[in-house]
Amino acid sequence: KQEIVFVPSGGVKGVPGVVSILSSRAEELPYVVVDSDESGQNATKKLHSGLYKDKKSLIIPIKDITNIDNSEVEDIIPYSIFSRGVTRLFLTVEDECFEDSYKKELPFIPQIEEFANKYSVELAQGWKVELAKSAKQVIKTKNKSDIDTETLTKWINLFNKFEA
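Residues numbered from 1 in each chain as written. Predicted model: local features only at pLDDT ≥ 70, side-chain atom pairs only at ≥ 80, totals over all residues. Heavy atoms only, no water.

Novice: What's the story with the nonpolar core in this structure? I'm lost.
Specialist: A general feature of soluble globular proteins is that nonpolar side chains tend to end up buried together. Grouped together as the largest cluster of nonpolar side chains are 20 residues, with contacts concentrated most on V86, F90, F98, F108, I112 and L131. Elements supplying a minimum of two residues to this core: α4 (79-89), α6 (108-118) and α7 (127-140). Broken down by element, the residue count for this core peaks at five residues, all from α6. Discounting residues that sit within four places of it in the chain, L131 has contacts with F82, G85, V86, F108 and I112. By size, the runner-up hydrophobic cluster in this structure holds nine residues, among which are V19, V32, L58 and I59. (Core = buried A, V, L, I, M, F, W, Y, C linked by side-chain atoms within 4.5 Å. Buried < 20%, exposed > 50% of the residue type's maximum accessible area, 1.4 Å probe, protein only. Helix = DSSP H or I, 4+ residues; strand = E, 2+ residues; numbered from the N terminus. Contact = heavy atoms within 4.5 Å.)

Novice: I keep staring at a nonpolar patch on the surface and nothing clicks. Help me out?
Specialist: Taken together, the side chains of I4, F6 and F159 make up a nonpolar region of the molecular surface, amounting to roughly 280 Å² of accessible area. Its location among the elements puts I4 in the segment before α1 (15-26). (Patch = residues over 30% accessible without salt bridge, like charges linked within 9 Å, V, L, I, M, F, W, Y side chains within 5 Å. Areas by Shrake-Rupley, 256 points an atom, 1.4 Å probe, with all protein chains shown as cover. Salt bridge = Lys/Arg side-chain N within 4 Å of Asp/Glu carboxyl O.)

Novice: What's the story with the packing of aromatic side chains in this structure? I'm lost.
Specialist: Ring pairs (aromatic) are described by centroid distance and by the angle formed between their planes. In this structure the tally under the stated criterion is 13 aromatic pairs. With 5.3 Å between their ring centres and 55 degrees between their planes, Y31 and F162 make a pair best called tilted. Here Y31 is found in the loop between α1 and β1 (32-34), whereas its partner F162 is found in helix α8 (residues 149-163), with 131 residues between them in sequence. Its relative accessible area of 28% is what places Y31 among the partly exposed residues. A relative accessible area of 13% places F162 in the buried class. Aromatic pair F159 and F162: ring centres 5.7 Å apart, planes at 80 degrees, arrangement edge-to-face. In this pair, F159 and F162 are both assigned in helix α8, three residues apart and thus about one turn of the helix distant. In this structure F159 comes out as partly exposed when scored by relative accessible area, which is 35%. (Phe/Tyr/Trp six-rings, centres within 6.5 Å; stacked < 30°, edge-to-face > 60°.)

Novice: Sorry if this is basic, but what is going on with the confidence of the model for the protein here?
Specialist: Low-confidence regions, as indicated by low pLDDT, have predicted coordinates that should not be scrutinised in detail. In the predicted model, the protein carries a mean pLDDT of 88, and 95% of its residues have values of at least 70. No element of the protein has a lower mean pLDDT than α1, at 72, and none a higher one than α6, at 97. (pLDDT = per-residue confidence, 0-100.)

This is the structure in structure tokens:
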């Protein structure tokens, strides 16, 4: 019914600043989708005690969509979309393939960090941004029929929250 724009904030620390800019322009507070890890929970508390004091329903913890504790926004994207980017992260690892140890019922990003730690792979500054860019390229080539029902349901549930 309306245009939805996802504005990256550079992590949860940037959320309050982005919200301030967007709300001053639109004259109403935007919805905010936050990670459900510790920093996302802290950002939620900060927003609830400030700008969103009377609009708490506009903050959507990603756990409400994933049903996974400590989940992050990446957890609403299927692994198949991240696969190419993850493979690039771990080109030097010969003993194991990340995909073989990946568990979709656990938060995705900590699994990558744990795997990198296990094999002494240093994740470069901005590695999540590069992973997102790779995923974006994959998504551009997908049809709706390429996305599994579980993922579509998560996306629908998220978008339905914007209409509440």
